[in-house]
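A closer look at the structure
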Amino acid sequence: MQNMVDSFNGRRLPPYVLAATLFSELNSTKQTALQLSLCSKNAQAITARAGEWGKGFSGITGYIDEAAKEMIILANKIGELAYGMTKASVTSVFESQMQVHLQRLPSERHEQFPVLKDLYNKALAKSVRSQEENAVAIHDLKKHLAEIKSCNRTLNSIIAICRIEASRAGPFQDALWAIADSINHAVVKLSDRISMGDQLMRLMSNYSQ
Amino acid sequence: MLTRILWECATHKWIICGRDPNKPSGIIDTNQYMIRTRDRMLILDPGGIELFSSMLNCALEWAPIHEITELFASHQDPDIISSLGLWDRALPKARLHAPWLWEGFIRHFGMENTEYVRIKDEGNELDLGSMKIQFIPAHYLHSSGNFSVYDPILKVLASGDIGAALEPGQPPLFVENFQEHTKHMTAFHQRWMPSNRAKQSWINRVRSLEIDYIAPQHGRIFKGDDVKRFLDWFEALEVGTAIR
């Protein structure tokens, strides 16, 4: 993240770069959530085979699956919002460029052709609208990111229970312990992405003020 | 940006915009031509995005914005048409006449409101109301889909990159000493023009037209006897020399 900021040498990061980065960063949460979902299916299969030994663990798999599904839905929503923001930011840049060009025209030209003022106002209105849309999108993104965080916290607390239940699974202990490890790995990965998302959101909020 | 009438008659006038002292350094100087009829204006190769405000300012000196109805792109290069995205937003009702070959590429510059009018390979005419211009094929000179513009009334050929010269500073508009001028054209034509066959085909076609002026997109304009001198010089020049 810092590398990206540094690479701009003090120049302001274009908002569409931030939005596109957010899109790509949080899109990977979907992959991780899909892996989690697969992990839960795997755990269900093991606990079914384990019978009595797996009863404790089987109660947890539903929660894992639910959290994974919730994350996929949130990641999709975030993806759509971030993609929309990227497009709106590009439009905004284009309209700002138009405004700059129109401002360069001599004032007598504007007096001569009132249509230029309309054109300027239209470009201004469009870029303001894009900025407003982005402000709403930032608000929604923050909300969804908070929900993903909450899901991840749930998963994090499930890991401890997974390990306890895995240790009670007798001959199936290793297989279920491996599932708990996979969930742990996914949670760490998700935490990384969420932290990256947080930083990007902070930058976006700063720029939108 | 310099702008002035080059040639005029009862039905229309040719206007040049170029020699822009405010153009950002490092970008090639370009000539933009405009054909103004009574109630319409065509901008030939409207130029790069960096020039847009200067060009808009010049254009409005000759026509109100709603009368700028036609744009022409001889080919797809950025110095020809990268300003399209801004013209597209600025002109309420415009058509872009450009080689059919480049449509999918030129649209990358941004085109929501403008109509793309495909020029077929053999060229065609554009009716501007009080006069008609002809799009003359100039494929591979230098672009694979490329046209010159011919005005049979004022006998002007806008030749795009053919006849272009890379001359430092702000040279005069017209060639004054042809021999001297070739110094600024030779390397450009040898490198940018890839095909001797295409070159000869264009020369043959153009020799059948009555031409008083050849107006390239870069550098000076050829007039009178220099038109024939240029065609002879170009015919003798070996092009496509960068093959290693």
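Placed above this text is the structure.
Source: prediction; values computed, not measured.

**Brief notes about the overall build of chain B**
Along its length, chain B carries eight helices and 13 strands. Against the 2.2 N^0.38 benchmark of 18 Å for 244 residues, chain B shows a C-alpha radius of gyration of 17 Å, consistent with a compact globule. Projecting the C-alpha coordinates of chain B onto the three principal axes gives extents of approximately 45 × 40 × 35 Å. A buried classification covers 60% of the 244 residues belonging to chain B. Pairs at least 24 residues apart make up 64% of the contacts formed inside chain B by residues separated by at least 6 positions. Charged side chains of chain B number 26 positive and 31 negative; the gap between the two group centres comes to 2 Å.

**A word on the interface of chain B and chain A**
With 16 residues of chain B at the contact, the number on the chain A side is 15 residues. In total, about 1400 Å² of surface goes out of reach between chain B and chain A, with carbon and sulfur atoms giving 67% of it. When residues of chain B are sorted by the area they lose upon contact with chain A, B:Ser53, B:Leu60 and B:Arg89 head the list and together hold 39% of the total. For B:Arg89, the salt bridge goes to A:Glu95, with nearest N and O atoms at 2.8 Å. Those elements giving two or more residues to the side of chain B that touches chain A turn out to be helix H1 (52-62) and helix H3 (84-90) of chain B. Of the residues forming the side of chain B that touches chain A, the biggest block, six residues, is contributed by H1(B). Looking at the side of chain B that touches chain A residue by residue, the class counts come to ten nonpolar, three polar and three charged.

**Some points on H1(B)**
Where burial is concerned, most of H1(B) is hidden: nine out of the eleven residues are buried. Taken together, the buried positions of H1(B) are B:Phe52, B:Ser53, B:Ser54, B:Met55, B:Leu56, B:Asn57, B:Cys58, B:Ala59 and B:Leu60.

**Focus on helix H8 (residues 225-236) of chain B**
Residues and elements named next belong to chain B. Relative to the 16 Å expected for twelve residues at 1.5 Å per residue, H8 spans 17 Å between its end C-alpha atoms, a close match to the ideal helical length. Every buried residue of H8 is listed here: Asp226, Val227, Phe230, Leu231, Trp233 and Phe234. Looking straight down H8, one finds that the buried residues subtend no more than 165° of arc, so they occupy a single side. With respect to the buried face of H8, the exposed residues turned more than 90 degrees away are Asp225, Lys228 and Ala236. Where H8 is buried, its residues touch helix H5 (178-181), helix H6 (186-192), helix H7 (196-207), strand S12 (213-216) and strand S13 (222-223).

**Focus: unusual backbone geometry**
Residues and elements named next belong to chain B. Between Leu141 and the following residue, His142, the backbone shows a cis peptide bond with an omega angle of 0°. Within the secondary structure, His142 is located in the loop between strand S9 (132-137) and strand S10 (147-151). The phi angle at Arg19 is positive, at roughly 50°, despite the residue not being glycine. Positive phi values are uncommon outside glycine, yet Tyr140 reaches one of about 70°. Within the secondary structure, Tyr140 is located in the loop between S9 and S10.

**Overview of the side chain of A:Thr32**
All names here are of chain A. When you line up the elements, Thr32 lands in helix H2 (residues 15-50). Looking at Thr32, the relative accessible area reads 3%, which means it is buried. In contact with Thr32, not counting residues within four places along its chain, are Ala186, Lys189 and Leu190.

**Quick word on the pattern of salt bridges**
Within the structure shown, the criterion is met by 25 salt bridges over all chains. Across the pair A:Lys126 and A:Glu95 runs a salt bridge whose closest N-O atoms are separated by 3.7 Å. Here the residue A:Lys126 occupies a position in helix H5 (residues 114-167), and A:Glu95 occupies one in helix H3 (residues 55-104), the gap between them amounting to 31 residues. For A:Glu95, a relative accessible area of 3% puts it in the buried group. Across the salt bridge formed by B:Arg118 and B:Glu103, the nearest N and O atoms sit 2.5 Å from each other. A residue pair is termed long-range when its members are at least 10 positions apart, and B:Arg118 in strand S7 (residues 115-119) and B:Glu103 in helix H4 (residues 103-106) qualify at 15 residues.

**Points about the environment of B:Pro64**
Checked against the element boundaries, B:Pro64 lands in the loop between H1 and strand S5 (68-72). Each C-alpha atom of the pair B:Pro64 and B:Asp39 lies 9.4 Å from the other, and the pair is 25 residues apart in sequence. Other than its neighbours up to four places away in sequence, B:Pro64 contacts A:Phe113 and B:Arg36.

**A few points about the packing of aromatic side chains**
All names here are of chain B. For the structure shown, the criterion picks out 14 aromatic pairs over all chains. Residues Trp7 and Trp14 carry aromatic rings whose centres are separated by 5.9 Å and whose planes lie at 70° to one another, so their mutual orientation is edge-to-face. Each member of the pair Trp7 and Trp14 is classed as buried. On the basis of an interplanar angle of 15° and a centroid distance of 4.7 Å, the ring pair of Phe188 and Trp192 is categorised as stacked. Highlighted residues: Phe188 and Trp192, both in helix H6, separated by four residues, approximately one helical turn.

**Digging into the sheet that holds S5(B)**
Residue and element names in this part refer to chain B. Reading across the sheet, the seven strands line up as S1-S2-S3-S4-S5-S6-S7 and stay open at both edges, with mixed pairing between neighbours. For this open sheet the edge positions go to strand S1 (2-8) and S7, each flanked by a neighbour on one side alone. The average undirected angle you get between the axes of adjacent strands in this sheet is 25°. Helix-sheet contacts for H1 involve S1, strand S2 (13-18), strand S3 (32-36), strand S4 (41-44) and S5, and the interaxial angle to S3 is about 20°.

**Re the sheet that holds S9(B)**
To summarise the sheet geometry, strands pair through backbone hydrogen bonds and adopt either a parallel or an antiparallel arrangement. Residues and elements named next belong to chain B. If you trace the six strands from one edge of the open sheet to the other, you get S8-S9-S10-S11-S12-S13, paired in mixed fashion. The open sheet is flanked by strand S8 (125-127) and S13, the only strands paired with a single partner. Taken together, the four bridges between strand S11 (residues 156-160) and S12 define a ladder with parallel strand orientation. Pairing of Val156 across the sheet is with Tyr213, part of S12.

Thresholds applied
Residues numbered from 1 in each chain as written. Chains lettered and ligands numbered in written order. Predicted model: local features only at pLDDT ≥ 70, side-chain atom pairs only at ≥ 80, totals over all residues. Heavy atoms only, no water. Helix = DSSP H or I, 4+ residues; strand = E, 2+ residues; numbered from the N terminus. Rg over C-alpha atoms; globule rule 2.2 N^0.38 Å. Buried < 20%, exposed > 50% of the residue type's maximum accessible area, 1.4 Å probe, protein only. Contact = heavy atoms within 4.5 Å. Lys, Arg positive; Asp, Glu negative; His and termini not counted. Charge placed at Lys NZ, Arg CZ, Asp CG, Glu CD. Buried area = accessible area lost by both parts, 1.4 Å probe. Salt bridge = Lys/Arg side-chain N within 4 Å of Asp/Glu carboxyl O. Nonpolar A, V, L, I, M, F, W, Y, C, P; charged D, E, K, R; others polar. Expected span 1.5 Å × (residues − 1). Arc of directions from axis to C-beta. Phe/Tyr/Trp six-rings, centres within 6.5 Å; stacked < 30°, edge-to-face > 60°. Pairing = 2+ DSSP bridges. Axes fitted to C-alpha atoms, helices over the stretch in contact; angles between N-to-C directions.

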